[in-house]
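Chains, contacts and geometry: an overview
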Amino acid sequence: MTVDLNTKAKNTWCPGCTNFMILTAFKNALTELINEGKIKKDKVVVGAGIGCHGKIADYVNVNSIISLHGRVVPTMTGVKLGNPDLTAIAFSGDGDSYAEGMEHLVHASKRNSDIKLFVHNNQVFGLTTGQVTPTSKKGYKGKSTPGGSIEEPINPSLVMLSSGATFVARAYTGDMVFLMQVMKKAILHKGFAHLEIIQPCISFADTRDYFKEKVYQIDSNLPKNDLKWAMEKVQEMEKIPLGIFYEVDKPTFEEQL
Ligand code: SF4
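Considering the sheet that holds strand β2 (residues 63-66)
Taken in spatial order, the eight strands make up an open sheet running β2-β1-β3-β4-β6-β5-β8-β7, and their pairing is mixed. What marks the edges here is a single partner per strand, and that holds for β2 and β7 (215-217). The average undirected angle you get between the axes of adjacent strands in this sheet is 20 degrees. Relative to the sheet, helix α3 (residues 72-82) contacts β1 (44-48), β2, β3 (87-93) and β4 (116-121), its axis offset from that of β3 by approximately 175 degrees. Sitting on the sheet, helix α7 (residues 176-188) touches β3, β4, β5 (167-172), β6 (193-198), β7 and β8 (240-247), and the angle it makes with β5 is about 160 degrees.

This is the structure:
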């Protein structure tokens, strides 16, 4: 069955932006889950923070809310508490979630709030034209660091694993089918799901060639309940692993409340 998820909003992402891959993968994931009877369109709520990623709320024809900078996680926690029947899916960026929003992220993860967080990690503040974020590479030269960033980046997946997230995954915009498959699993996960999406910003941090050579998919048949293994795996740097590193079943914040 065709599910109409298009809106009339004019898309203002830079032509060729890899956010288009996330948008397409997300629409396909929703369409398949709705057609499979696993979610209902009128029960889906998309939340977004501030940044280039945030425009996605305008481009998908489901219930949506745009939050303050860094506050999409507590906003969606409130949405889910207000109506536990909803499928609460939050979008964020690396600046939005890992800088302004980091404390919310850690606590939602620790609580196992039943929300799914898809982070467009492009390693730069793109909307404000190129400042460092917590995931920018050391040496990154942008508007706020003309001499190159002197800081090491954080590893978001490692932070989430150590904070108690019950679903931790990483995908790359260069493989839209794989991204869609991981999105579907994250949406169906009961509890806090963190999906880091490596999303090169072609205007201010074009890392497409770098990641194309570096990323690889882990064996999807490996057990997903080994926290020690997951924490070691997400720290691999020589080659960058993609996939679902960790997935366990625990009571959610809402259930316990
Ligand atoms: Fe995409 Fe970067 Fe343009 Fe933002 S600034 S729309 S992330 S290419």
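Examining the side chain of threonine 173
With respect to the secondary-structure elements, threonine 173 resides in the loop between β5 and α7. Residues within four places of threonine 173 in sequence aside, it is in contact with Thr18, Met21, Ile22, Ile197, Ile198, Gln199 and Pro200.

Section: the layout of surface pockets
Remark: the empty space left among the atoms is shown by a probe the size of a water molecule rolled over them. Empty space within the largest pocket amounts to approximately 400 Å³. The wall of the largest pocket is formed by 21 residues, among which Gln123, Pro153, Ile154, Asn155 and Met237 lie closest to the centre. Where the lining of the largest pocket is concerned, the elements lending two or more residues are α6 (156-163), β6 and α8 (208-214).

Quick notes on the rules
- Residues numbered from 1 in each chain as written.
- Predicted model: local features only at pLDDT ≥ 70, side-chain atom pairs only at ≥ 80, totals over all residues.
- Heavy atoms only, no water.
- Pairing = 2+ DSSP bridges.
- Helix = DSSP H or I, 4+ residues; strand = E, 2+ residues; numbered from the N terminus.
- Axes fitted to C-alpha atoms, helices over the stretch in contact; angles between N-to-C directions.
- Contact = heavy atoms within 4.5 Å.
- 1 Å grid on protein atoms, 1.4 Å probe; cavity = no way out; pocket = protein on both sides within 12 Å on 5 of 7 lines; lining within 4 Å.
- Points joined across faces, edges and corners; volume = space filled by probe spheres on them.

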